[in-house]
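Descriptive structure summary
Next come the chains, spelled out residue by residue.
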Amino acid sequence: MESNGNEELSRIIDELKSLKTEKSNIEHRISALEAQLRKIKVKKDDEMPNSNGSCTSTVKSFVDSSFGHGLSPNMIYRYSRHLLLPSFGVQGQSNLVKSSILVVGAGGLGAPALLYLAACGVGRLGIVDHDIVELNNLHRQIIHTEAYIGWSKVESAAAACRSVNSTIQIVEHKEAFRTSNALEIMSKYDIVVDATDNVPSRYMINDCCVVLGKPLVSGAALGMEGQLTVYNYNGGPCYRCLFPVPPPTTACQRCSDSGVLGVVPGVIGCLQALEAIKIASVIGEPLSGRMLLFDALSARIRIVKLRERSSQCKACGENAALTQQQFQNFDYEKFTQSPLSTSPLKLNLLTPTARISSKEYSEKVAGREAHILVDVRPTHHYKIVSLPNSMNIPLPTLEDRLPEISSALKKEEERRGVNTGSSACLYVICRRGNDSQRAVECLHKMGLTSAKDIIGGLETWAHDVDPNFPTY
Amino acid sequence: MQLTLEFGGGLELLCDSVKIHKINVDPEAGVEKLTMKHLLAWVRTNLIKERPEMFMKGDSVRPGVLVLVNDCDWELTGQLDTTLEEKDVVVFISTLHGG
């Protein structure tokens with residue numbers, strides 16, 4: 001029975017997969033054909049203004065040639081609410097449809113930014129990302145849907161953008177943005193939106209924009225706060241003018257560690273789309289030389305005045321003149337001491353004798369070995385999920401709470417009636433196996449030399465021992 | 001001198017997760033004016049409860065921290081030499097990178 005059920009399951013999954021591939025191919029083909037059709041139509045209208053003598057054709061070409069704004073009847077209807085804005089009007093829309101915008105990152109910031117940029121009629125919209133859609137992205141990356149879990153974010157985002165607006169050109173860059181491909185990709189666009197999530201990418205995108213002379217709409221969000229500004233625009237400062245020295249790696253928190261309220265990057269991403277639209281359509285005052293600070297919890301938005309372009313700036317300063325060659329040779333990971341990819345840190349601080357695998361630990365539990373398990377994650381992590389009979393002592397409090405561990409060990413020895421001479425073991429666990437190593441180092445220093453960490457933490461426990469154990 | 005200090009972008013975690021601090025601080029003895037340099041030293045002693053290296057480096061703020069005096073980048077007002085006035089608002093904000 002069960003094997004039949006499994007076969008059925010994998011048959012359905014396989015069929016779904018192949019149908020989705022087929023669907024995506026068909027969508028690609030449709031949008032390519034539509035683009036072709038548009039080109040032919042425009043050409044035909046240009047060549048033969050009154051070709052078939054039909055009323056609509058005459059009127060259409062009359063509109064095209066007489067009003068000179070390049071907006072087709074379809075565009076006039078689709079973007080009519082833009083055209084009705086006196087401060088935007090046909091000129092703004094006409095500028096927009098002729099512009100091209102590159103969005104780097106199809107995550108929490110990129111999701112709403114891309115949807116609005118597609119909807120508003122930007123002529124060409126590029127999307128760069130190398131990541132795949134995961135279930136724990138969906139609370140904030142609203143461009144992706146459940147059906148696209150496991151798919152590339154670029155494909156998923158492009159399909160969503162096409163379903164909103166099939167009349168614009170959407171370019172998929174399914175690769176990581178690196179110094180080797182950055183110049184080539186970015187040179188095809190007028191404006192760049194930085195919707196990435198790490199420090200080296202931010203420096204790299206900034207420098208590439210400086211080298212190519214592109215304005216950069218930069219947004220960031222973490223926890224309950226967001227920040228937004230426009231760099232390298234019209235003589236304004238660049239990212240390096242503000243931050244010539246990268247922050248210490250310990251100051252660079254990530255959404256996957258610190259959390260983020262989904263709507264916060266949503267707000268910032270929308271504002272990024274707005275700034276990009278303003279620059280592309282040449283309206284208003286872009287947020288250059290100023291920064292918007294958004295505090296969601298206290299419902300406060302503050303706009304502050306920033307310094308001017310720095311003459312000392314290594315990227316855009318008077319004597320800098322960063323060349324394409326220098327850019328391509330620059331090591332951004334070394335400069336910022338942090339990786340371009342967002343894969344979690346994997347420390348290796350301890351000797352193998354001070355570590356055990358989660359499988360080994362599960363055997364010790366099954367064998368009823370006398371031991372205590374200390375979970376060094378923050379308390380709000382521990383509340384999400386924990387192993388039974390573990391004690392939660394967050395890493396920063398470890399030193400102060402050493403007596404608790406010693407007395408727990410003693411109690412365990414008494415309870416199990418461990419013979420004098422041997423003693424209860426001390427194991428330490430955390431989410432991914434980094435803090436547990438730091439904790440074991442600390443415990444060793446404080447005399448608890450038998451302490452061992454569980455390699456890979458609860459994530460590995462879920463992977464290797466208990467597939468039903470929740471991960472986050 | 002009464003000042004309002006605000007910490008953001010995660011820096012508030014260094015001062016008991018309190019974002020806004022109304023403080024009273026006076027210039028150093030024998031000096032008429034209160035400067036940012038003196039204020040930073042005061043903040044480090046009186047408000048920062050943990051990991052001071054996440055706030056300061058040398059006698060200034062660490063890389064990645066923006067300092068705003070009355071909503072204006074302190075690079076424009078004289079950085080450490082900025083003179084503070086009664087009721088000024090000073091914001092310390094750590095730049096974010098997430099997305």
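Residues numbered from 1 in each chain as written. Chains lettered and ligands numbered in written order. Predicted model: local features only at pLDDT ≥ 70, side-chain atom pairs only at ≥ 80, totals over all residues. Heavy atoms only, no water.

- Chain B carries the name Ubiquitin-related modifier 1 homolog in an unreviewed UniProt entry, which gives Ilex paraguariensis as its organism.
- Under the heading Sequence similarities (unreviewed entry), UniProt records this for chain B: "Belongs to the URM1 family."
- Recorded under Subcellular location (unreviewed entry), the UniProt text for chain B is reproduced unchanged: "Cytoplasm". (UniProt positions renumbered as here; feature names shortened; annotations may be inferred.)

- An unreviewed UniProt entry lists chain A under the name Adenylyltransferase and sulfurtransferase MOCS3, with Ilex paraguariensis given as the organism.

1. Structural notes on the sheet that holds strand E10 (residues 371-375) of chain A
Residues and elements named next belong to chain A.
- Read across the sheet, 5 strands follow the order E9-E13-E12-E10-E11 without closing on themselves; strand pairing throughout is parallel. Two strands close off the open sheet at either side, each with one partner strand: strand E9 (355-356) and strand E11 (390-392).
- Sheet topology places strand E12 (residues 425-429) next to strand E13 (residues 452-454); 2 bridges connect them, and they run parallel. In the sheet register, Val428 faces E13, and the bridge partner there is Asp453.
- On the sheet, helix H18 (residues 435-445) packs against E9, E12 and E13 and is oriented at approximately 145° with respect to E12. (Pairing = 2+ DSSP bridges. Helix = DSSP H or I, 4+ residues; strand = E, 2+ residues; numbered from the N terminus. Contact = heavy atoms within 4.5 Å. Axes fitted to C-alpha atoms, helices over the stretch in contact; angles between N-to-C directions.)

2. Let's talk about the sheet that holds strand E1 (residues 2-8) of chain B
Residue and element names in this part refer to chain B.
- With mixed pairing, 4 strands are arranged side by side in an open sheet as E2-E1-E8-E6. Two strands in the sheet have a free side with no partner beyond their single neighbour: strand E2 (20-24) and strand E6 (65-69). Within the sheet, the average angular offset between the axes of one strand and its neighbour, ignoring direction, is 20°.
- Relative to strand E8 (residues 89-94), E6 runs antiparallel, the two sharing 5 bridges. Across the sheet, Val69 pairs through a bridge with Val90, a residue of E8.

3. Quick word on the domain arrangement of chain A
Residue and element names in this part refer to chain A.
- Assigned domains of chain A: these are domain 1 (1-47), domain 2 (79-336) and domain 3 (352-465).
- Centre-to-centre, using C-alpha coordinates, domain 1 lies 29 Å away from domain 2.
- On the domain 2 side, the residues contacting the 8 residues of domain 1 number 9 residues.
- Of the roughly 650 Å² buried between domain 1 and domain 2, counting both surfaces, carbon and sulfur atoms make up 45%.
- A per-residue breakdown of the area domain 1 buries against domain 2 is headed by Lys20, His28 and Arg38, which together make up 54% of the total.
- Seen at the junction of domain 1 and domain 2, the total is 0 salt bridges.
- At the boundary of domain 1 and domain 2, one finds 1 residue pair in polar contact (both at pLDDT 80 or more). (Domains from an automatic or database assignment. Buried area = accessible area lost by both parts, 1.4 Å probe. Salt bridge = Lys/Arg side-chain N within 4 Å of Asp/Glu carboxyl O. Polar contact = N/O pair within 3.5 Å; in protein donor to acceptor, adjacent residues only side chain to side chain.)

4. Details of the nonpolar core
- Ranked by size, the top nonpolar core spans 44 residues in total, and within it Ile101, Val103, Leu114, Leu117, Leu125, Ile127 and Val217 of chain A carry the most contacts.
- When residues of this core are assigned to their parent elements, the largest contribution, 7 residues, is made by helix H12 (residues 263-281) of chain A.
- In contact with Val217 of chain A, other than residues within four places in its own chain, are Ile191, Val192, Val193, Asp194, Leu228, Thr229, Val230, Gln272, Glu275, Ala276 and Ile279 of chain A.
- Counting 34 residues, the second largest nonpolar core, distinct from the first, contains Met186, Tyr189 and Val304 of chain A together with Ile93 of chain B. (Core = buried A, V, L, I, M, F, W, Y, C linked by side-chain atoms within 4.5 Å. Buried < 20%, exposed > 50% of the residue type's maximum accessible area, 1.4 Å probe, protein only.)

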